[in-house]
Amino acid sequence: MKAKKKQPISDAIKKIPYQRLFGNQFGLKYNSNYVEQLADEMYRWFTTKSVDSEGREQTRLWLRDFAISKGLNRQRISEYAKKNTYFSYVLELCKGIQESLLFKLGLTSKSAMPIFALKAVAGWRDYHEIKAEHIITTN
């Protein structure tokens, strides 16, 4: 028998198409079953404590962490919320959980970070904005 001629490595690499790390996110088709399952996973993620490397319980606060763990970006989460009312409802519920946890953390922490986070994530402000169209002037 003749021994097979070995192909150069460069030829073997050319034959295997490159697979993206996150699949084809741009061609991802909207599937309401997947999106609703993702909403349930998001809720469970927010309501389940994790354990760090030292065995301490950690409260999950950041929606961004959940999205990253699923390989999703902010735009995709927003798209799902616009297209699926169930996802939108669960997203608002999770944001409420996040706001409540940050508020409780702010009451017990000496750090300003929970206050900063409430301003950035939940829209809290130190002042009341008065819009110009609401001001009545008299001459």
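Residues numbered from 1 in each chain as written. Predicted model: local features only at pLDDT ≥ 70, side-chain atom pairs only at ≥ 80, totals over all residues. Heavy atoms only, no water.

### Topic: the overall build of the protein chain
Formally: Helix and strand assignments follow DSSP, with helices taken as H or I runs no shorter than four residues and strands as E runs no shorter than two, numbered in order from the N terminus. Here's how the labels work: a residue is buried when its accessible area is under 20% of the maximum for its type, exposed when over 50%, partly exposed in between, all with a 1.4 Å probe on protein chains only.
Within the protein chain, the regular secondary structure consists of six helices and two strands. Within the protein chain, the proportion of its 139 residues that are buried is 19%.

### Describing the nonpolar core
Formally: Working definition of a nonpolar core: buried Ala, Val, Leu, Ile, Met, Phe, Trp, Tyr and Cys residues. They are joined through side-chain atoms within 4.5 Å. We call two residues in contact when some of their heavy atoms are within 4.5 Å.
Of all hydrophobic cores here, the largest spans 17 residues; its most connected members are Met42, Phe87 and Leu91. Residue contributions to this core peak at six residues, all from helix α2 (residues 32–47). Apart from the residues lying within four places of it in its own chain, the contact partners of Leu91 are Met42, Leu63, Ile77 and Ala81.

### Focus on α2
Put simply, the rule reads: In this analysis, the expected span of each helix is defined as 1.5 Å times one less than the number of residues it contains. Working note: the arc is built from the helix axis to C-beta atom directions. Identification of polar contacts relies on pairs of N or O atoms within 3.5 Å, with a donor-acceptor requirement for protein atoms, meaning one able to donate a hydrogen and the other able to accept it, and with residues adjacent in sequence counted only if both atoms are side-chain atoms.
For α2, with 16 residues, the first-to-last C-alpha span of 23 Å sits near the 22 Å given by 1.5 Å per residue. Residues of α2 that are buried include every one of Val35, Leu38, Ala39, Met42, Trp45 and Phe46, and no others. Taken around the axis of α2, the buried residues stretch over an arc of 125 degrees, which confines them to a single face. Measuring from the backbone nitrogen of Asn33 back to the side-chain oxygen at the start of α2 gives 2.9 Å, which picks out Asn31 as the cap.

### Let's talk about a nonpolar patch on the surface
Note the cut-off: Patches were defined on residues exceeding 30% relative accessible area and lacking a salt bridge, with like-charge contacts within 9 Å and nonpolar side-chain contacts (Val, Leu, Ile, Met, Phe, Trp, Tyr) within 5 Å. Surface accessibility follows the Shrake-Rupley procedure with a 1.4 Å probe radius. Residue values consider only the protein chains on display as shielding. Salt bridges are defined by distance alone: a side-chain nitrogen of Lys or Arg within 4 Å of a carboxyl oxygen of Asp or Glu.
A cluster of nonpolar side chains, Tyr43, Tyr89 and Leu93, forms an exposed patch at the surface whose accessible area comes to about 310 Å². Secondary-structure assignment places Tyr43 in helix α2. On the accessibility criterion, Tyr43 (35% relative accessible area) is partly exposed.

### Points about the pattern of salt bridges
Applying the stated criterion across every chain, the model contains three salt bridges. For Arg56, the salt bridge identified is with Glu54, shortest N-O distance 3.0 Å. Judged by relative accessible area, which is 47%, Arg56 ranks as partly exposed. Of the charged contacts in the structure, one is a salt bridge between Arg76 and Glu79, with a shortest N-O distance of 3.1 Å. You can see Arg76 and its partner Glu79 sitting in helix α4 (residues 74–83), three residues apart, about one turn around the helix. By relative accessible area, which is 24% here, Glu79 ends up partly exposed.

### Considerations on the packing of aromatic side chains
Note the cut-off: Pairs were defined over the aromatic rings of Phe, Tyr and Trp, the Trp ring being its six-membered one, requiring ring centres within 6.5 Å. Orientation was assigned from the angle between planes: stacked under 30 degrees, edge-to-face over 60, tilted for the rest.
Summed over the entire model, instances satisfying the criterion amount to four aromatic pairs. Between Trp45 and Phe46, the ring centres sit 5.1 Å apart and the planes meet at 85 degrees, which makes this aromatic pair edge-to-face. Its relative accessible area of 16% is what places Trp45 among the buried residues. Ring centres 5.8 Å apart and planes at 80 degrees place the aromatic pair Tyr80 and Phe87 in the edge-to-face group. For the residue pair Tyr80 and Phe87, the accessibility class agrees, reading buried in each case.

### Topic: α4
Those residues of α4 not exposed but buried are Arg76, Ile77, Tyr80 and Ala81. Buried residues of α4 fall within an arc of 140 degrees about the axis and therefore sit on the same side. The outward face of α4, more than 90 degrees from its buried face, is lined by the exposed residues Arg74, Gln75, Lys82 and Lys83. N-cap assignment for α4: the residue whose side-chain oxygen lies 3.2 Å from the backbone N of Gln75 is Asn73.

### Overview of the environment of Lys70
Mapped onto the elements, Lys70 comes out in the loop between α3 (63–69) and α4. In sequence terms Lys70 and Leu38 are 32 residues apart; their C-alpha atoms lie 8.9 Å from each other. Setting aside its immediate chain neighbours within four residues, Lys70 contacts Leu38 and Glu41. Reaching out from Lys70, the side chain makes a polar contact with the side chain of Glu41 at a distance of 2.4 Å.

Structural measurements only, silent on function.
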